Amino acid sequence: MSSAETAYLVRHALLRDAAYQLQLPGDRARLHALVVDVIESLSGGRPGEPPPLGAEQPTQWTGLPIDAFAEALAEHARLSQSRGLEAARRLYLRRAAEQADRQWRFDSARMCWLEFAELAGAGDRGEALLMAGNSAYRCSRHRDAEPLFMRALDEARRLGSRRLEGRALLGFATVLLEIGRPAPAEDTLREALAIQRAEGDRRSEAVSLGNLANLCTNGSRVAEAESLYLEALSLHAALRDRNAEGRVLGNLGLLYRDTGRPDEARRAFERALALDRETGSRRSEGRALASMAGLLRETGRAEEAERFYLQAQVINREVGDRHGEGALLGNLALLYAETARKTLAEETLAQAIAMNEDVGDRRSEGIARGNLANLFKDTGRIDDARREYARSLELHRAVGNRRFEAFALAGSADLLATQGRPDEAEALLREALVLHRASGDRRGEGVALGSLGRLELLRGRSARALECLEEALVVDRQAANRRSEGIALGLLALVHLDLGRLDEADAALASALALARATADRESESFHLASLAQLRLSQGRPDDAKEAWLDSAAIVAEIGESGIPDPLVARVREACARAGIPVVGPKPAPEQSHP
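Residues numbered from 1 in each chain as written. Predicted model: local features only at pLDDT ≥ 70, side-chain atom pairs only at ≥ 80, totals over all residues. Heavy atoms only, no water.

Asks: Kindly report on the overall build of the protein chain, identifying the contributing residues and their values.
Replies: Looking only at helices and strands, one finds 28 helices and 0 strands in the protein chain. Based on the C-alpha atoms only, the size of the protein chain along its principal axes is roughly 100 × 70 × 40 Å. Evaluated residue by residue, the protein chain yields a buried proportion of 51% over its 595 residues. For the protein chain, long-range pairs separated by at least 24 residues make up 59% of all intrachain contacts whose partners lie at least 6 apart in sequence. (Helix = DSSP H or I, 4+ residues; strand = E, 2+ residues; numbered from the N terminus. Buried < 20%, exposed > 50% of the residue type's maximum accessible area, 1.4 Å probe, protein only. Contact = heavy atoms within 4.5 Å.)

Shown next as structure tokens:
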């Protein structure tokens with residue numbers, strides 16, 4: 001039986017610490033060494049020495065039962081103060097870091113790699129700093145990652161290791177790209193590529209090509225981006241790096257989506273998801289799910305899109321991808337706004353902006369601020385909208401995001417149009433249209449053409465409005481942007497009505513209503529019903545006009561009034577009033593039968 005002098009039963013942490021402090025320092029050190037010995041003996045013994053870090057052919061990770069205790073063993077080895085356990089401490093720090101990386105505990109991995117770097121020899125120190133930078137980047141600690149990559153770069157140049165230098169430059173460029181500094185990011189990537197090609201480091205070369213493609217996509221250099229993605233895919237396939245192949249396919253899918261190729265985008269996302277799940281790459285899987293959600297939202301499948309966004313968010317949080325979650329929240333808020341949940345949209349955008357600022361993602365922050373400006377405009381907060389459009393434009397121009405610069409210009413134009421400044425609005429819309437066409441963004445082009453058609457309709461230029469809207473419909477259909485197509489059809493119906501083409505107006509409105517309902521676009525559905533009321537009055541059908549108006553009013557009562565009165569709806573209101581149709585209040589509920 002054990003006595004009180006040889007064993008302690010501790011039920012509280014403070015008592016445990018007090019008992020620990022009762023031991024003499026030398027005894028404590030020997031106890032820590034004993035713990036290492038006991039755990040090793042119970043877990044199959046000490047693992048063999050791993051190969052050097054940064055090997056040309058990375059070795060397959062083989063987990064061992066003792067890895068569950070690796071971080072604790074490294075600490076016990078440190079506290080033992082035994083020179084005989086210094087090698088064990090290095091060994092367990094490395095195994096703890098590698099295991100933490102594979103378990104998405106990237107901040108723990110960063111700390112282990114840093115501690116390992118302090119103990120490593122000259123050959124492994126720079127590699128360990130590089131791994132610490134990679135771990136910091138993966139958990140969106142870009143402010144920590146940047147100096148770690150620079151320390152790895154300094155170590156590489158001190159040692160004359162060109163291979164490590166190329167990979168450190170790649171890591172540094174990746175951070176520059178994420179925090180919205182495209183010009184130095186491109187210079188650094190091209191420097192890294194030159195070294196990687198000279199050293200025959202094809203694996204790093206493939207990653208650099210993919211990152212350079214991302215940079216070209218952000219800068220609207222679509223043809224160059226697509227060529228680089230395909231080159232990177234070819235290299236990854238040759239190296240049988242299916243994990244990296246999945247990441248590149250996900251980014252290529254985004255390019256296909258933004259350039260009006262939804263079918264190719266869907267195939268790329270599906271293939272990326274399959275590869276991510278096959279290789280267990282949860283971080284990439286979360287991003288691919290978010291990308292698929294965006295495609296579903298844009299093609300009018302709002303419920304499926306929301307489901308995918310929420311699945312992606314679970315993964316973002318599981319793996320600590322705060323950068324990915326910040327971008328996702330901005331897009332999820334857009335879906336909430338489009339499905340008449342504006343309070344929830346505003347709350348979600350505030351979360352997105354806070355997270356974007358925290359991780360230094362100026363590109364996603366600019367996008368979220370543009371969406372917030374649209375929301376403020378739609379809810380009548382003109383000064384707030386103007387402020388957010390200005391901030392958004394400043395960020396887009398700083399990071400070279402010309403595609404979203406065009407969206408912010410178009411939003412500002414809509415704001416000017418509602419304030420009775422059509423000439424200024426048209427100038428901004430045409431500037432946006434030039435940017436969309438330069439970047440090959442067919443979706444954005446279709447939306448801008450629809451806005452231009454609306455502006456011409458408000459100015460009474462029916463022929464020019466007809467031309468813009470017919471062109472918008474061609475582009476919307478090519479890009480499979482069903483929501484934008486429905487909006488353009490509703491405006492086209494009003495042009496036909498102004499031109500006295502009542503049958504064409506009727507057909508266009510029927511299609512517009514069907515698309516608004518299919519895409520859960522309640523705001524547009526209400527607008528189209530108001531337009532239908534005006535059409536029915538023109539057809540001499542006042543009872544049907546009243547029915548359509550009350551249906552429209554019921555939706556407004558459900559989702560709330562827009563903050564800025566719509567002049568196109570105002571003219572329907574006036575026509576209804578002249579015809580004696582009530583112009584306020586929701587449609588009454590049907591009478592109930594009583595026994």
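Asks: Give me the lowdown on unusual backbone geometry, citing residues and values where you can.
Replies: In terms of backbone geometry, most residues other than glycine have negative phi values and most peptide bonds are trans. If you check the backbone angles, R240 has positive phi at about 60 degrees while not being a glycine. Look at A480: it is not a glycine, yet its phi comes out positive at around 55 degrees. Counting through the fold element by element, A480 comes out in the loop between α23 (462–478) and α24 (482–498). Here A480 falls in the partly exposed class, since its relative accessible area comes to 22%.

Asks: Go over the side chain of K342, please, and point to the residues and values.
Replies: Structurally, the position occupied by K342 is in helix α17 (residues 342–359). The exposure class assigned to K342 is buried, which follows from its relative accessible area of 19%. Side chain to side chain, K342 and E523 meet in a polar contact 2.9 Å long. Ignoring sequence-local partners within four residues, the contact set of K342 consists of Y336, A337, L375, D378, T379 and E523. (Polar contact = N/O pair within 3.5 Å; in protein donor to acceptor, adjacent residues only side chain to side chain.)

Asks: Please provide a residue-by-residue account of the packing of aromatic side chains, values included.
Replies: Inspection of every chain in the model, using the stated rule, returns 2 aromatic pairs. Summarising the aromatic geometry, the rings of W113 and F116 are spaced 6.1 Å apart at their centres and angled 85 degrees between planes, so their arrangement reads as edge-to-face. Here W113 pairs with F116, and both are found in helix α5 (residues 106–119), just 3 residues apart, close to one helical turn. Judged by its relative accessible area of 0%, W113 is buried. What makes F116 buried here is its relative accessible area of 5%. For the ring pair F404 and F407, a centre distance of 5.3 Å and an interplane angle of 50 degrees mean the geometry is tilted. (Phe/Tyr/Trp six-rings, centres within 6.5 Å; stacked < 30°, edge-to-face > 60°.)

Asks: Kindly report on the packing of helix α15 (residues 302–319) against helix α16 (residues 322–338), identifying the contributing residues and their values.
Replies: Running from amino to carboxyl end, α15 crosses α16 at an angle of 160 degrees, the nearest separation of the two axes being 10 Å. As summarised for this structure, α15 and α16 are arranged roughly antiparallel, according to the angle between their axes. α16 is crossed by α15, and the crossing has left-handed handedness. Of α16, the residues touching α15 (which contributes A302, A305, E306, Y309, L310, A312, Q313, N316 and R317) are G324, E325, L328, L329, N331, L332, L335 and Y336. Residues belonging to the contact of α15 with α16 are distributed by class as follows: 10 nonpolar, 4 polar and 3 charged. (Axes fitted to C-alpha atoms, helices over the stretch in contact; angles between N-to-C directions. Parallel < 35°, antiparallel > 145°, perpendicular 65-115°, else oblique. Left-handed = near helix turned anticlockwise from the far one by under 90°. Nonpolar A, V, L, I, M, F, W, Y, C, P; charged D, E, K, R; others polar.)

Asks: An account of empty space enclosed by the protein is needed here, citing residue identities and associated values.
Replies: Under the criterion given, the structure shown has 2 cavities of 30 Å³ or more. There is about 60 Å³ of room inside the largest cavity. Lining the largest cavity we find R297, G300, R301, A302, E338, T339, R483 and T519. Class assignment of the residues belonging to the lining of the largest cavity gives a composition of 1 nonpolar, 3 polar and 4 charged. Here the second largest cavity is characterised by a volume of approximately 40 Å³. Taken together, R257, R261, P262, L295, E298, T299, R443, A479, A480 and N481 form the lining of the second largest cavity. (1 Å grid on protein atoms, 1.4 Å probe; cavity = no way out; pocket = protein on both sides within 12 Å on 5 of 7 lines; lining within 4 Å. Points joined across faces, edges and corners; volume = space filled by probe spheres on them.)

Asks: Please give an account of the environment of R391 that cites residues and values.
Replies: Among the secondary structure elements, R391 is positioned in helix α19 (residues 382–399). Considered as a pair, R391 and A373 are 18 residues apart in the sequence and their alpha carbons are 9.4 Å apart.

Asks: Any chance you could break down α15 for me, citing the residues and the numbers?
Replies: For α15, which comprises 18 residues, the first-to-last C-alpha distance of 26 Å matches the rise-based estimate of 26 Å (1.5 Å per residue) to within 8%. Lining the buried residues of α15 we find α5, α14 (282–298) and α16. Two residues or fewer past α15, G320 is found with a positive phi of approximately 75 degrees. (Expected span 1.5 Å × (residues − 1).)

Asks: Tell me about the confidence of the model for the protein chain, and name the residues and values.
Replies: When pLDDT drops low, the exact placement of atoms in the prediction is not to be read closely. Looking at the protein chain, pLDDT values average 86 and 91% of them are 70 or higher. Across residues 1–5, confidence stays below pLDDT 50; counting only partners more than four residues off in sequence or on other chains, it has 1 contact. Ignoring residues within four places in sequence, the model shows residues 585–595, a span with pLDDT below 50, making 11 contacts including any to other chains. (pLDDT = per-residue confidence, 0-100.)

Asks: Could you give me a rundown of helix α26 (residues 522–538), with the residues and numbers involved?
Replies: For α26, built from 17 residues, the straight-helix expectation of 24 Å at 1.5 Å per residue is met to within 8% by its first-to-last C-alpha distance of 25 Å. When you tally the buried positions in α26, you get 13 out of 17 residues, the bulk of the element. Positioned one or two residues after α26, G540 has a phi angle of 75 degrees, which is positive.

Asks: Tell me what's going on with the pattern of salt bridges, and back it up with residues and numbers.
Replies: Applying the stated criterion across every chain yields a total of 71 salt bridges. The salt bridge partner of R78 is E75, with a shortest N-O separation of 2.6 Å. Here the residue R78 and the residue E75 both occupy positions in helix α3 (residues 70–80), the gap between them amounting to 3 residues, near one helical turn. Between E346 and R381 there is a salt bridge, with the nearest N and O atoms lying 2.8 Å from each other. In this pair, E346 sits in helix α17 while R381 sits in the loop between α18 (362–378) and α19, placing the two residues 35 residues apart along the sequence. Note on E346: relative accessible area 26%, which makes it partly exposed. Three or more residues are tied together by salt bridges with common partners; here these are R257, D258, R297, E298, E338, R403, D441 and R443. (Salt bridge = Lys/Arg side-chain N within 4 Å of Asp/Glu carboxyl O.)

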